[in-house]
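# Coordinates in review
The chain contents come next:
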Number of protein chains: 2
Amino acid sequence: MTKAVQNATPPRAVTMADVAARAGVSVATVSRVISQSRPVAKSLREAVLGAASDLGYQVNLVGRALRKGRTATVGLLVPDLDNPFFSSVAQHLSTAFEGSATDVLIFSTCGDVDVERRGVESFLGRQVDAVVMIPCHEVESAASVQRAAQATLTIQLDRQVVDADVHFVGCDNDAGMSLITRHIEEHVDTEVQPVLYVGAQAGSSSGHERFKHFHEDFPDRPSYLGEFDFGWGQEAVDLLLEDGYTKATIVAAADIIALGIIARLHARGHRVPDDFRVIGFDGVGVARFAHPTLTTVRQPVEEIGRTVLDLISAEHTQPSQALRIVPDFVPGHSSPD
Amino acid sequence: MTKAVQNATPPRAVTMADVAARAGVSVATVSRVISQSRPVAKSLREAVLGAASDLGYQVNLVGRALRKGRTATVGLLVPDLDNPFFSSVAQHLSTAFEGSATDVLIFSTCGDVDVERRGVESFLGRQVDAVVMIPCHEVESAASVQRAAQATLTIQLDRQVVDADVHFVGCDNDAGMSLITRHIEEHVDTEVQPVLYVGAQAGSSSGHERFKHFHEDFPDRPSYLGEFDFGWGQEAVDLLLEDGYTKATIVAAADIIALGIIARLHARGHRVPDDFRVIGFDGVGVARFAHPTLTTVRQPVEEIGRTVLDLISAEHTQPSQALRIVPDFVPGHSSPD
DNA sequence: TGAGCCTCGGCAATCGATTTCCGAGTTGCG
DNA sequence: CGCAACTCGGAAATCGATTGCCGAGGCTCA
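Residues numbered from 1 in each chain as written. Chains lettered and ligands numbered in written order. Predicted model: local features only at pLDDT ≥ 70, side-chain atom pairs only at ≥ 80, totals over all residues.

### Re the overall build of chain A
Along chain A, the regular secondary structure elements total 13 helices and twelve strands. A globule of 337 residues ought to have a C-alpha radius of gyration of about 20 Å, yet chain A, at 26 Å, is considerably larger. If you line up chain A on its principal axes, its C-alpha atoms span 85 × 55 × 35 Å. By the burial criterion, 50% of the 337 residues in chain A qualify as buried. Long-range pairs, those at least 24 residues apart, make up 69% of the contacts in chain A with a sequence separation of at least 6. (Helix = DSSP H or I, 4+ residues; strand = E, 2+ residues; numbered from the N terminus. Rg over C-alpha atoms; globule rule 2.2 N^0.38 Å. Buried ≥ 20, exposed ≤ 12 C-beta atoms within 10 Å, placed from the backbone. Contact = placed C-beta atoms within 7 Å.)

If you want it as C-alpha cells, here you go:
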C-alpha cells in the first residue's frame, strides 16, 4: 500500500487551454468540439479529442455554468431522508432523470425551515435550472417557495404552501381517501368496528386534505392528530385504548403512522386485523415489511417523477398548474379482504 | 390568484456591480463586505449592506466557485435512496454538516456503475471540496473512486473498492459479527436451532467481511448467498425450507434481508422466534416496524457522519486511513432474550 | 472572371466574484 | 519635521468556458 494517491497535491486540473495547446488549435475550437455547438472539420476534431483524452480533460462545469447561465441541474429539497416516503420520491425523481442529460442534486432540509431557506439560496446560487421541493411547512416555507419561484422554474411536490401560485405535482388525496372510504363501506361493519382517524396536526397540505376528506365521508367520527411519524402512531394507540375502544377501523394519514399503530397494538396484545383494522396512506416499500402487510393507498412516485421531468423539459414557461395524480388502492392483511 | 409569478421572465439577477453602483463604491469593496475577506470602514460597510438588502442581492456561487476554486460543498454518492440504510446514512451526513458552512449535495447512482461514473464527473466538474461515496460495486467502481481521489479529497463510506488507497469510514464488521456470535452462544442451543447464514453474493466489501467472519466463527455451517434486498430474503427461506430445516437460527447480512426472511417465514406458517430465530445487521429504523421486532447490530450512522465531517474539516491532507466504528447490539424479539 | 455565399477557425468579450497590486491618506515615532 | 509603517478603497487581472464577430478560403453561378 502506498500512500501516494491521497497525498499528492492535485496537479492543477487540465483546462481547455491545455488541450488547445496540445492540439495546436484555439480554445474556441476546443469548446466547439467538446460542447458540439458548431461543426468542426474532421481532422481538427480528431486532434482535439485525441489531445483531450491524452490529457484526461474533463469540462469544468463551473466555468460553463457561469458563461451559459444554465447548468443542466435540478435541485431537489426534501424535509427528511429518513422518512421512507420522501427518500422514495427522491430516488424516483433521480431515476426519471437518469436518461436525460440533467443531474438531480438532493438536499435534505432536516425538517427545519431555516435550513430549507439556506438550501434554496444554495441551489439558486448554483444556478440550477429548476428547484423541486417538498416544503417543510405549509406556512413557514412559503417565503422560500416564493423566493425560488421568482428566480427560476419551481415545482412543489407532495405538499403546497399556502397562497403561492407555483407549480404543484402530487397525489390526488381526495381520490385516495375515497378509495379508502369505499373499501371500508364494502368490507367493514362500522357498528362493530367504528372508524377512527389518526393524522397529523399541522404543517402539511396533504395532511389537511386527507383529514378534511375523512371528515366529510365520516362526519362525527373521532380523530387523533399528532405528527407524521412512527412514535405518534404508537402514542395514538395508547390514547384510543384509554378512550375505551376495543375494536376499531383505524385510518392513518400516512403509512409510517400506521406502522406505529400496528406495532403498539401488537405490543399491547391486540389483534390485527381481527379486532383492529388499520389502513395507511403512501404505499412506501416498507409497508410490505409489516406483519400483517399493510392495506394502503399507494402514491404513484414513478409517475410523479416523470411528470416533473415533463414539466421541466417543456421549455417555455407555462402558467402555474397543480397536477394531481390518482393513487392506487393496495389491499393488505391489516384489513379484511 | 394571478399567474404572474411563474410567468415573469426572471429579471436578470442582481450582481455585485449593481450593489456597488447603488452604494457608490467599487465592486471590490462590495466583495470584501459580503465575503468578509478584509475589514471595510463602517460607513461604507453599512452602505453596501443597505444597498444589498434593498436590491435583494444574493451572491452568485458559480462566480465565486470559479474564482476561488472551492465551493464549500461536499458531494455524496449513494447507490439507492430506496434502501433505508443508504438513505439513513445520507440523512445523518446532512445532519452532521448542518451546523457547518458546507452544503451536502446528494446524488443517487441508481446502483449503476455508469451513472456513478457520471455522478463523480458531475461533482468534480462542480468543484466540490470533497467526494463522499458508497461505491456501487467492489470492483467495477474502483475506477470512479480512483478518479475522484486523484482530483480531490475522497472518502469511501460503508464499502471499499478493492485495491484503492483512499480514505474509508465504516462499521467494524468483525466487531459486529462477534456481537452476534456471542449472542448466539449465550442464548441459542445450536443443536436444536442450527445456525445458517443468508448473505449477499457479490459486490460489496461489507458483505464479504461479514460472511468471512461468520465462516470463521461457524465453520462448516451452510450459507445462502444472493442479493442485498427484501426479495432475496424471501427466496432464501424457500431454499432453506426445501433443504429440510424446520428450526434454525438465521444470521442475515442485512436488516432488509432479515425482514424478507421473517415475512416469508410468517407467510409459510412458521413461528419467529419459536422455531426460527432471525438476526439482522444495520439497525435501520424499519427494523422496529417488524413483528417481532428485529434483533440486529446497529451501525452508528450519526458517528459515521461526524467522522466524515472531522476528516473533511481537518484541512491538510493526511495519509489515507480506514476508520472503523464499532457498532451496538440491539436485542429484539426475533431472537430469544 | 468576379460578385455573392457558405464554411469554419481564431480573436476577444463576457459571465460574476475574488484578489493582487497600487496609491492616497493617516498614524507613529525618533 | 521627516520617514517608515499601516490602513483601506479602487483598478484591473483572473478563474474556465462560451459565443458574437471577423475574415480567409473555397464554392457556385452568371
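### A few points about the packing of helix α9 (residues 173-187) of chain B against helix α10 (residues 205-217) of chain B
Residue and element names in this part refer to chain B. Viewed as axis vectors pointing N to C, α9 and α10 meet at an angle of 40°, and their least axial separation amounts to 9 Å. One way to sum up the angle between α9 and α10 is to call them oblique. Where α9 crosses over α10, the handedness of that crossing is right-handed. Of α10, the residues touching α9 (which contributes N173, D174, M177 and T181) are S206, E209, R210, H213, F214 and D217. (Axes fitted to C-alpha atoms, helices over the stretch in contact; angles between N-to-C directions. Parallel < 35°, antiparallel > 145°, perpendicular 65-115°, else oblique. Left-handed = near helix turned anticlockwise from the far one by under 90°.)

### Brief notes about the interface of chain B and chain A
Taken together, the contact pairs 59 residues of chain B with 59 residues of chain A. Mapped onto the side of chain B that touches chain A, the elements with two or more residues apiece are α1 (4-7), α5 (61-68), α6 (84-97), β2 (103-108), α7 (113-125), α8 (142-151) and α12 (255-267) of chain B. For the side of chain B that touches chain A, a count of residues per class yields 27 nonpolar, 23 polar and nine charged. (Nonpolar A, V, L, I, M, F, W, Y, C, P; charged D, E, K, R; others polar.)

### A word on the environment of L309 of chain B
By secondary structure assignment, the location of L309 of chain B is in helix α13 (residues 301-313). You can call L309 of chain B buried: it has 20 C-beta atoms within 10 Å.

### Observations regarding helix α8 (residues 142-151) of chain A
Residues S144, V145, A148, A149 and A151 of chain A constitute the buried set of α8 of chain A. All buried residues of α8 of chain A project into a common sector of 170° when viewed along the axis, lining one side. (Arc of directions from axis to C-beta.)

### With respect to the sheet that holds strand β9 (residues 276-279) of chain A
Residue and element names in this part refer to chain A. Spatial ordering of the open sheet is given by β7-β6-β8-β9, a layout of four strands whose pairing is parallel. If you trace the sheet from one side to the other, it starts and ends with β7 (223-226) and β9, each paired once. In this sheet, neighbouring strand axes are inclined to one another by 20° on average, regardless of whether the strands run parallel or antiparallel. When strand β6 (residues 195-200) meets β7, the two strands line up parallel, connected through four bridges. Residue pairing for β7: A200 is matched across the bridge by G226. (Pairing = 2+ DSSP bridges.)

### Description of the relation of the copies chain B and chain A
To go from the first copy of the chain to the second, apply a rotation about an axis and then a shift along the same axis. Placing chain B over chain A gives an RMSD of 0.1 Å and needs a rotation angle of 180°, together with 0.0 Å of translation along the axis. The superposition of one copy onto the other is thereby described by a two-fold rotation axis. In terms of C-alpha distance to the rotation axis, chain B has I106 of chain B as its closest residue, with the C-alpha 2.4 Å off the axis. (Least-squares fit on C-alpha atoms with pLDDT ≥ 70 in both.)

### Re the domain arrangement of chain A
When the domains of chain A are assigned, the result is domain 1 (4-59), domain 2 (71-170 + 301-325) and domain 3 (173-300). Using only C-alpha atoms to locate each centre, domain 1 of chain A and domain 3 of chain A end up separated by 60 Å. (Domains from an automatic or database assignment.)

### Some words on the packing of helix α7 (residues 113-125) of chain A against α8 of chain A
Residue and element names in this part refer to chain A. Where α7 meets α8, the closest approach of the two axes is 9 Å, and the angle between their N-to-C directions is 10°. Between α7 and α8, the angle is such that the two are roughly parallel. Along the contact surface, α7 presents E116, R117, V120 and L124, while α8 presents S144, R147, A148 and A151. Broken down by class, the residue content of the contact of α7 with α8 amounts to four nonpolar, one polar and three charged.

### So, the nonpolar core
Among the nonpolar cores identified, the biggest contains 166 residues, and A252 and I261 of chain A together with A252 and I261 of chain B are the most heavily contacted of them. The contact partners of I261 of chain B, leaving out residues within four places of it in the chain, are V198, G233, A236, V237, I250, A252 and V278 of chain B. Counting residues in hydrophobic clusters, the runner-up holds eleven residues, among them A23, A47, A52 and Y57 of chain A. (Core = buried A, V, L, I, M, F, W, Y, C linked by C-beta atoms within 7 Å.)

### Re the pairing of strand β6 (residues 195-200) of chain B
If a strand is regular, its side chains alternate between the two faces of the sheet. Residues and elements named next belong to chain B. Of all the six residues making up β6, six are buried; the element is thus mostly covered by neighbouring parts of the structure. Burial of the side chains of β6 extends over both faces: V195, Y197 and G199 are buried on one face and L196, V198 and A200 on the other. Summarising the sheet, β6 and strand β8 (residues 248-252) pair through four bridges and their orientation is parallel. The partner of Y197 across the bridge, within β8, is V251.

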